[in-house]
Amino acid sequence: MEPMRPFRWNVARGDRLGSLLDGHDHEPAYLPHLVECAAKVLARSSDGDLYFVGRSADSVFDLLSGALADTRFASRLHQLPLSLYGSDGADLTATERAQLRTNLTSSGLSPNGLAGRRRPVVFADLVLAGSTFTNLHHHLRDWIDDERASWNVIRTKIRYVGITVREKTSPNTWRWQQHEDWVTELPGKAVCNVSVDLWLWRYLGNDQPKTAHSFRRTRWSDPEVTVPRHDEKARRGLAIAVALYQSGRTREVREEIHRVLTGEPTFREPWLRDIARALRRR
């Protein structure tokens, strides 16, 4: 069984995309809000490798990729094309389960790969009720048990960062992680959130054009996903991705990310101060 991964253009090489961007200029008016979100995701990544699950947080990945380009921290950013939303991502056939594990292995996320990591894996995604993270965690847990890998070791290497809708701070505020039993299997503070305004969450999760189709279970083994899309929606998504990557490379955005990082509680930790210094040295 061969791993499958949806095709995505290398947005760092925007000057080599030819006519794909013609007529699709993009000026992100929401950039300041996205910068704040991206910086907080970075600050709450526990000195780990960030894996952006699915397509919803593509823009956070693209912006951070631009900001961290030419630094030693660029290799910490990964995309994990995968849709496990709702009941569609819960019960898999044996073939689907095997393909999922093959695809995860190709991303370095096998039980052995997780156990041998020096830094934690940090899964990041937009979260409504937490079904994607819940399904992903359960599939990983079952795989770890099947392989008889050491869960006591692996549990210390897994983190989750949810990008959620901003609510009023109150003891009665509903928080998705407080309603998921599997969260208690992980060390304290292994699950955290970054909140954004509802309009931004809806745009990123529901309305923003993407460069690829959602990578649902029906597409996990489909070779067609490896073929680039050239339809109008994909080209608009590509223009957005390139614009955000280029924005991340600007001094103004890097300075703003630096400013947000300094206000985070984790800024006292050496690893985050190292990232902040790298942003300013570029």
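Reference entry: report on the structure contained in this document. All figures in this text were calculated on a predicted structure; none of them were measured in a lab.

This brings us to helix α5 (residues 131-147). Taking 1.5 Å of rise per residue, 17 residues should cover 24 Å, and α5 covers 24 Å from first to last C-alpha, within 8% of that figure. Among the residues of α5, those classed as buried are T132, F133, T134, N135, L136, H137, H139, L140, W143 and I144.

By size, the foremost hydrophobic cluster in this structure holds 45 residues, and its most contacted members are V41, F52, V60, I257, L261 and I275. Discounting residues that sit within four places of it in the chain, I257 has contacts with V35, A39, L64, A67 and L279. Counting residues in each nonpolar core, the second largest holds 33 residues, with V53, F133, I144 and V183 among its members.

Once that is clear, we can look at the side chain of K210. One can find K210 in the loop between α7 (198-207) and α8 (232-248). Buried charge without a partner: K210 forms no salt bridge, and the closest opposite charge is D58, 4.9 Å away. Within the structure, the side chain of K210 is placed 3.1 Å from the backbone oxygen of R55, a separation counted as a polar contact.

On to the side chain of T134, then. Looking at where T134 falls in the secondary structure, it is placed in helix α5. Aside from chain neighbours lying at most four places away, what touches T134 is E180 and W182.

Moving on, we get to empty space enclosed by the protein. Counted by the stated rule, this structure contains four cavities of 30 Å³ or more. In this structure, the largest cavity spans a volume of roughly 80 Å³. As for the largest cavity, its lining consists of M4, R5, L80, P81, L82, L100, N103, L104, S106, S107 and F215. No other element matches the four residues that helix α3 (residues 94-106) contributes to the lining of the largest cavity. A per-class count over the lining of the largest cavity returns seven nonpolar, three polar and one charged. A volume near 60 Å³ is recorded for the second largest cavity. Around the second largest cavity, the lining residues are R8, D58, S59, D62, Q208, P209, K210, T211, G237, I240 and A241. Counting only elements with at least two residues in the lining of the second largest cavity, the list comes to α2 (58-68) and α8. In terms of residue class, the lining of the second largest cavity is built from three nonpolar, four polar and four charged.

Conventions used here
- Sequence order sets the numbering: in each chain, residues are counted from 1 along the sequence as written.
- Note on the predicted model: pLDDT of at least 70 is required for a residue's local features to be given, and 80 or more for side-chain atom pairs to be given and counted; whole-chain, interface and lining totals, by contrast, use all residues.
- Just so you know, side-chain values use all the structure's heavy atoms and leave hydrogens and water out.
- Comment: elements are numbered from the N terminus, with helices defined as DSSP H or I runs of at least four residues and strands as E runs of at least two.
- Helix span is expected to be 1.5 Å times the residue number reduced by one.
- For each residue, the accessible area found with a 1.4 Å probe, counting protein chains only, is set against the maximum for its type, and the residue is called buried under 20%, exposed over 50%, and partly exposed in between.
- The set of buried Ala, Val, Leu, Ile, Met, Phe, Trp, Tyr and Cys residues whose side-chain atoms join them within 4.5 Å is what this entry labels a nonpolar core.
- Should any heavy atoms of two residues lie within 4.5 Å, those residues are considered in contact.
- Neither His nor the chain ends is counted toward charge; the positive residues are Lys and Arg and the negative residues Asp and Glu.
- When a carboxyl oxygen of Asp or Glu lies within 4 Å of a side-chain nitrogen of Lys or Arg, that pair is called a salt bridge.
- Polar contacts here mean pairs of N or O atoms no more than 3.5 Å apart (in protein, one a potential hydrogen donor and the other a potential acceptor; neighbouring residues in sequence count only if both atoms are side-chain atoms).
- Using a grid of 1 Å spacing that covers the protein atoms alone, one calls a set of points a cavity when a 1.4 Å probe fits there but cannot get out, and a pocket when the set is open and has protein on both sides within 12 Å along at least five of seven lines; lining residues are those with an atom within 4 Å of a point.
- Grid points are joined across faces, edges and corners, and a volume is the space filled by probe spheres set on the points.
- Residues are grouped as follows: nonpolar covers Ala, Val, Leu, Ile, Met, Phe, Trp, Tyr, Cys and Pro; charged covers Asp, Glu, Lys and Arg; every other residue, Gly included, is treated as polar.

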